[in-house]
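Residue-level structural notes
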Amino acid sequence: MSLAEGVAGLLLISGSVLLVVAGVGIVRFPHFYTRLHAAGVIDTLAAGLFLAGIGVLFGATLGTVKLLMIFVFLLFTSPTACHALARSAWLAGLREPAATIENAEDSKSAGEPR
Amino acid sequence: MKHTISLGLLLCLLWWILSGFAKPLLFSLGAISVVFTLWLAHRMDVIDHESHPIHLSWRLVAYWGRLVREIVVSNLQVLGVILSPRSNKIEPHFLEVRIHQPSALGKVILANSITLTPGTVSVDLDDDRLLVHALTRETGQAVREGQLDAMVPGDVEEVAA
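Residues numbered from 1 in each chain as written. Chains lettered and ligands numbered in written order. Predicted model: local features only at pLDDT ≥ 70, side-chain atom pairs only at ≥ 80, totals over all residues.

**With respect to the overall build of chain B**
Across its full length, chain B holds six helices and three strands. Ordered by position from the N terminus, the helices and strands of chain B form the series α-α-α-β-α-β-β-α-α. Counting all 161 residues of chain B, 29% fall into the buried class. Partitioning the intrachain contacts of chain B with sequence separation of at least 6 by distance along the chain shows that 68% fall at a separation of at least 24. (Helix = DSSP H or I, 4+ residues; strand = E, 2+ residues; numbered from the N terminus. Buried ≥ 20, exposed ≤ 12 C-beta atoms within 10 Å, placed from the backbone. Contact = placed C-beta atoms within 7 Å.)

Rendered as structure tokens:
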């Protein structure tokens, strides 16, 4: 096994471990919004590790450039999808936990849900 | 006009990266596709500073570099929360912060970055008030202090079309 294969294997395995942990998080967390946070781990770090692992296997080829483009694409699309979910839940009236909104300016809870 | 040229170059590069071919026939087919795409984009009137912001490309690349570091840090925080045996470690709460981005594009970049870092999700944006859902006090801290807000390149602003 060459060095590149070892590094790639390490990256892929740690990516897989992160996927499993994030899955555990989605099951363990109690509410809709908190589960979104667990899914965010999959979008960013796990996907990044996978792409990096495959990139190491490819070496300096066009394939690696394509993988980099996939990563940039993910940087734009996954938060958009995540935000679409959160916003539609908010507009549908889902308030979890209790609807106190903390106002960062005076760091006291500033009352009413809009 | 410079947006059209820049888009054309970008399309050529993209075609070549995705295909990897260098035969004359395929090359000319690629050139035809690029010209056709440019014509379509021109007809749809979507070539402007918003669809193709060349004026800020390089500063954004630097910003992404710092963003990746933030993402890794908050990923580790969220993973720690997931693996913690105590279930009272999560403290989900909504946060409303004032953001200081003058342009619409800056707001989008900031809100998207906040969603991209695990542990915080942008829920609603109303003028300069951003509503964020945070998983714990810890993950919400960066948003509360406006760290990302300060990181977005200051000159991300709309160029008069």
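Moving on from the model shown.
**Considerations on the packing of helix α1 (residues 3-28) of chain A against helix α2 (residues 32-58) of chain A**
Relative to each other, α1 of chain A and α2 of chain A sit at 170 degrees, their axes nearing to 8 Å. With respect to their mutual orientation, α1 of chain A and α2 of chain A come out roughly antiparallel. (Axes fitted to C-alpha atoms, helices over the stretch in contact; angles between N-to-C directions. Parallel < 35°, antiparallel > 145°, perpendicular 65-115°, else oblique.)

**Overview of the nonpolar core**
Counting residues in hydrophobic clusters, the biggest one holds 44 residues, and the most contacted among them are V41 and A46 of chain A together with V78, L110, V121, V132 and V143 of chain B. Ignoring sequence-local partners within four residues, the contact set of L110 of chain B consists of I99, Q101, L148, D149 and V152 of chain B. (Core = buried A, V, L, I, M, F, W, Y, C linked by C-beta atoms within 7 Å.)

**Topic: the domain arrangement of chain B**
How large an interface is tends to be reported as the accessible area lost when its parts come together. Looking at chain B, the domain boundaries give domain 1 (2-44) and domain 2 (55-151). Measuring from the centre of the C-alpha atoms in domain 1 of chain B to the corresponding centre in domain 2 of chain B gives 36 Å. (Domains from an automatic or database assignment.)

**Overview of unusual backbone geometry**
The backbone of D127 of chain B sits at a positive phi, close to 60 degrees, despite the residue not being glycine. Turning to its location among the elements, D127 of chain B is positioned in the loop between β2 (120-126) and β3 (129-134).

**A look at the interface of chain A and chain B**
On the side of chain B, 30 residues touch chain A, which itself brings 33 residues to the contact. Ranked by residues supplied to the side of chain A that touches chain B, first place goes to helix α3 (residues 62-91) of chain A with 11 residues. Per-class residue counts for the side of chain A that touches chain B are 19 nonpolar, nine polar and five charged. (Nonpolar A, V, L, I, M, F, W, Y, C, P; charged D, E, K, R; others polar.)

**Concerning the packing of α2 of chain A against α3 of chain A**
Residues and elements named next belong to chain A. Where α2 contacts α3, the two axes come as close as 10 Å, and the packing angle between them is 175 degrees. Regarding the angle of α2 to α3, the classification is roughly antiparallel. Contacts between α2 and α3 involve F32, Y33, L36, G40, D43, A47, G48, L51, I54, G55 and F58 from the former and G63, T64, L67, I70, F71, L74, S78, C82, L85, A86 and A89 from the latter. Taken together, the residues of the contact of α2 with α3 sort by class into 15 nonpolar, six polar and one charged.

**Some thoughts on helix α1 (residues 2-19) of chain B**
The terminal C-alpha atoms of α1 of chain B, which comprises 18 residues, lie 26 Å apart, in line with the 26 Å expected from a rise of 1.5 Å per residue. Of the residues one or two after α1 of chain B, G20 of chain B is the one with positive phi, at around 75 degrees. (Expected span 1.5 Å × (residues − 1).)

**Quick notes on the pairing of β3 of chain B**
Residues and elements named next belong to chain B. In terms of residue burial, β3 counts as a mostly covered element, since five of its six residues are buried. In this structure, strand β1 (residues 93-98) lies alongside β3, joined through six bridges in antiparallel fashion. Considered in β3, the bridge of E96 is made with L131. Relative to β3, β2 is paired through six bridges, and the arrangement is antiparallel. Its bridge partner lying in β3, S122 is registered against V132. Hairpin connection between β2 and β3: a loop of two residues separates the two successive antiparallel strands, and D127 in this loop has a positive phi of roughly 60 degrees. (Pairing = 2+ DSSP bridges.)

**Considerations on α3 of chain A**
For α3 of chain A, built from 30 residues, the straight-helix expectation of 44 Å at 1.5 Å per residue is met to within 8% by its first-to-last C-alpha distance of 44 Å. The axis of α3 of chain A is deflected most strongly, by about 30 degrees, at L74 of chain A. If you check which residues of α3 of chain A are buried, you get L75, P79, C82, H83 and A86 of chain A. On the buried face of α3 of chain A, the contacting elements are α2 of chain A together with α4 (104-116), β2 and β3 of chain B. (Bend = angle between axes of the 7 residues up to and from the residue.)

**Details of the confidence of the model for chain A**
All names here are of chain A. A residue-level look at chain A finds 84% of positions with pLDDT of 70 or above and a mean pLDDT of 82. Mean pLDDT values over the elements of chain A span from 67, in strand β1 (residues 101-103), up to 90, in α1. Across residues 106-114 the pLDDT falls below 50, and counting only partners more than four positions away or on other chains, this stretch makes 10 contacts in the model. (pLDDT = per-residue confidence, 0-100.)

**Observations regarding the confidence of the model for chain B**
Summarising the model, chain B shows a mean pLDDT of 81, and 89% of its residues fall at 70 or more. Of all the helices and strands in chain B, helix α6 (residues 147-151) of chain B carries the lowest mean pLDDT, 81, while helix α2 (residues 24-44) of chain B carries the highest, 89.

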